[in-house]
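Architecture at a glance
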Amino acid sequence: MATPPTDDPETIDVRPGEGLDLARLEPWLRANLEGAEGPLMVRQFGGGHANLTYLLRFGAREFVLRRPPYGTLAPSAHDMAREHRVLARLWRAYPLAPQSFVHATDTSIIGAEFHVLDRRHGFVIRGEASRVLDDPAIAARVGAMLVDCLADFHSVRPDDVGLGDLGRPEGFMARQIEGWTRRWAAARDDAAPDADALIRWLGAGRPPTRSHTLVHNDYKLDNVLVAGDDPGRAVAVLDWDMCTRGDPLSDVGTLLNYWNDLRDPEDWKTATSMRSDRPGFPRRREAVERYVARTGFDGTSMTWYWAFATFRTAVILQQIYIRWLRGETRDERFASFGDRVRALMRKAEAIAEAAVPQARLP
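Sequence order as written defines residue numbering, which begins from 1 separately in each chain. The predicted origin of the model limits local features to residues at a pLDDT of at least 70 and limits the giving and counting of side-chain atom pairs to 80 or more, whereas totals for whole chains, interfaces and linings rest on all residues. Where side-chain values are given, they derive from all heavy atoms of the structure, hydrogens and water being excluded.

Moving on, we get to the pattern of salt bridges. We define a salt bridge as a contact between a side-chain nitrogen of Lys or Arg and a carboxyl oxygen of Asp or Glu at a distance within 4 Å. In total, this model carries 35 salt bridges according to the counting rule given. With a closest N to O distance of 3.8 Å, Arg210 and Asp298 form a salt bridge. Taken together, the residues Arg210 in the loop between helix 5 (196-205) and strand 8 (213-215) and Asp298 in the loop between helix 8 (284-295) and helix 9 (302-325) connect sequence positions 88 residues apart. The class for Arg210 is exposed, based on a relative accessible area of 54%. Strands here are runs of E lasting at least two residues and helices are runs of H or I lasting at least four, both read from the DSSP assignment and numbered beginning at the N terminus. Relative accessible area decides the class of each residue, using a 1.4 Å probe on protein chains only: under 20% of the type maximum gives buried, over 50% gives exposed, and in between gives partly exposed.

Okay, here's the thing in structure tokens:
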């Protein structure tokens, strides 16, 4: 293997304990991946908190390899087969979806299933890169782009891209409540908050599903790659391993959870870190109005979807945090996730209580 490239701001040296077995991987890539020619160079993408993502550079040709994280994984999460199937097809109708080329089911190669997809060039708006949002004109364009990309994705007809049998859309939200409640119970530690009242409220107030579309299931600003010369233009939507068919408003709820308004409590902003609390960036209400106008979907129950998505995000972070507590990952970014989980649970409760004025969760 050649010396790893160091000229890519989105990548880092491979973290300790997260290396790839190149003695087994490289021959497999050369035999199965078109364009895998010339010296191989490997870097790791430093962002993201779950699946592990690597840059593979064969001469001038670049690819991205994705595999699940180490440690105990929730059932149906980090599904590389699903992600490959979606991305091998979706790019034809939704150009922001990178094309996936190959999928390996043989876990002996690197210790897990993985797939290899097209590399898109751009940057993710998070951390220091969020400074681009200090310009109100750019902030306004980024916010509008974020809503429009989601609305355009929800307009794709699953049958048109060979995904008409993906998932089970009927009963989608009921299964979501049941599944995330079960995951919460499996991932709790002694310091985790009590979510029983919130879970009862979500189950009792679940609105009827009025539309079924493809659903990304983790749509947010730092899962969108933007152009280096224009942050208001998307070049890719990332992280498709939970894509299915279901209620599109669940994606909107997820986006609202990350969408911070200027007057939100500080612990809400810290828990989700999307820097939309900038002059010029649309407010949550404006985002919902834009989405509804673009899709024609009914947004009257959006507060419920927002509360559910906040609970769901807390569970996702708790699943990561419990792996850190158990020593299944050594990534020190996860050490503070317990505080973020508690903040998100308080937020979900506040959203639920505000949905019924003067009411308290049962």
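Having seen it, we continue.
Here we come to the side chain of Lys269. Along the polypeptide, Lys269 turns up in helix 7 (residues 266-272). Under the rule applied, a polar contact is a pair of N or O atoms within 3.5 Å (in protein, one hydrogen donor and one hydrogen acceptor; residues adjacent in sequence only if both atoms are side-chain atoms). There is a polar contact of 3.0 Å between the side chain of Lys269 and the backbone oxygen of Leu262. The contact criterion used throughout is that any non-hydrogen atoms of two residues lie within 4.5 Å. Sequence-distant contacts of Lys269, defined by excluding residues within four places in its chain, comprise Asn260, Asp261, Leu262, Asp264 and Asp277.

Note on pairing: DSSP must find at least two bridges between two strands before they are called paired. Taken in spatial order, the six strands of this open sheet run 1-2-3-4-6-5, and their pairing is antiparallel. Bordering the open sheet on either side are strand 1 (11-12) and strand 5 (100-104), each of which pairs with just one other strand. Note that strand 5 and strand 6 (residues 114-118) share four bridges and pair antiparallel. Residue pairing for strand 6: Val102 is matched across the bridge by Val116. For helices, the fitted axis covers only the stretch in contact; all axes are lines through C-alpha atoms, and the angles between them, taken along N-to-C directions, range from 0 to 180 degrees. Where helix 2 (residues 80-87) meets the sheet, its contacts fall on strand 4 (61-67), strand 5 and strand 6, and the angle it forms with strand 5 comes to roughly 155°.

Further remarks concern the pairing of strand 9 (residues 224-227). The sheet contact formed by strand 7 (residues 123-124) and strand 9 spans two bridges and is antiparallel. Within the sheet, the bridge partner assigned to Val124 lies in strand 9 and is Leu225. Examined bridge by bridge, strand 9 and strand 10 (residues 230-237) share four bridges and lie antiparallel to one another. Opposite Val226, over in strand 10, you have Ala234 as the bridge partner. The turn joining strand 9 and strand 10, which pair antiparallel and follow one another in sequence, is formed by two residues.

Time to look at the sheet that holds strand 10. As summarised here, the arrangement of the three strands in space is 7-9-10, forming an open sheet in which the pairing is antiparallel. Every other strand in the sheet has two partners, leaving strand 7 and strand 10 as the edge strands with one partner each.

What follows covers the nonpolar core. By convention a nonpolar core is built from buried Ala, Val, Leu, Ile, Met, Phe, Trp, Tyr and Cys residues, the set being connected through side-chain atoms within 4.5 Å. Ranked by size, the top nonpolar core spans 82 residues in total, and within it Leu90, Tyr94, Trp184, Trp240 and Phe311 carry the most contacts. Of all the elements, helix 9 adds the most residues to this core, at 13 residues. Residues Leu29, Ala36, Leu52 and Leu56 belong to the second largest nonpolar core, which totals 20 residues.

Once that is clear, we can look at the confidence of the model for the protein. Looking at the protein, the pLDDT average stands at 92 and 93% of residues meet or exceed 70. Note that pLDDT drops below 50 for residues 1-6; the model gives that stretch 17 contacts with residues more than four away or on any other chain. Each residue gets a pLDDT score, which is the predictor's confidence in that residue and runs from 0 to 100.

As a packed pair, helix 4 (residues 172-187) and helix 9 sit with axes 9 Å apart at the nearest point and diverge in direction by 35°. Handedness of the crossing formed by helix 4 with helix 9: left-handed. Contacts between helix 4 and helix 9 involve Met173, Gln176, Ile177, Trp180, Thr181, Arg183, Trp184 and Ala187 on the former and, on the latter, Trp304, Tyr305, Phe308, Phe311, Arg312, Val315, Ile316, Gln318, Gln319 and Ile322. Polar here means any residue outside two lists: the nonpolar Ala, Val, Leu, Ile, Met, Phe, Trp, Tyr, Cys and Pro, and the charged Asp, Glu, Lys and Arg; Gly therefore counts as polar. Residues that form the contact of helix 4 with helix 9 fall into these classes: 12 nonpolar, four polar and two charged. Working rule for handedness: look at the near helix, and if it is turned counterclockwise from the far one by less than a right angle, call the crossing left-handed; if clockwise, right-handed.

With that settled, consider the packing of aromatic side chains. Stacked, edge-to-face and tilted are the three classes for Phe, Tyr and Trp ring pairs, Trp counted by its six-membered ring, which pair at centre distances within 6.5 Å; planes under 30 degrees apart are stacked, over 60 edge-to-face, the rest tilted. By the definition in use, this model includes 13 aromatic pairs. A ring pair is formed by Phe334 and Phe337, whose centres lie 5.2 Å apart and whose planes are at 55°; its orientation type is tilted. For the pair formed by Phe334 and Phe337, the shared burial category is buried. Here the aromatic cluster, defined as three or more aromatic residues joined through ring pairs, consists of Phe58, Phe63 and Phe101. When the NZ atom of lysine or the CZ atom of arginine is within 6 Å of a ring's centre and also within 35 degrees of its normal, the charge is said to sit over that ring. Over the aromatic face of Tyr70 sits the side chain of Arg67, whose NZ or CZ is 4.1 Å from the ring centroid.

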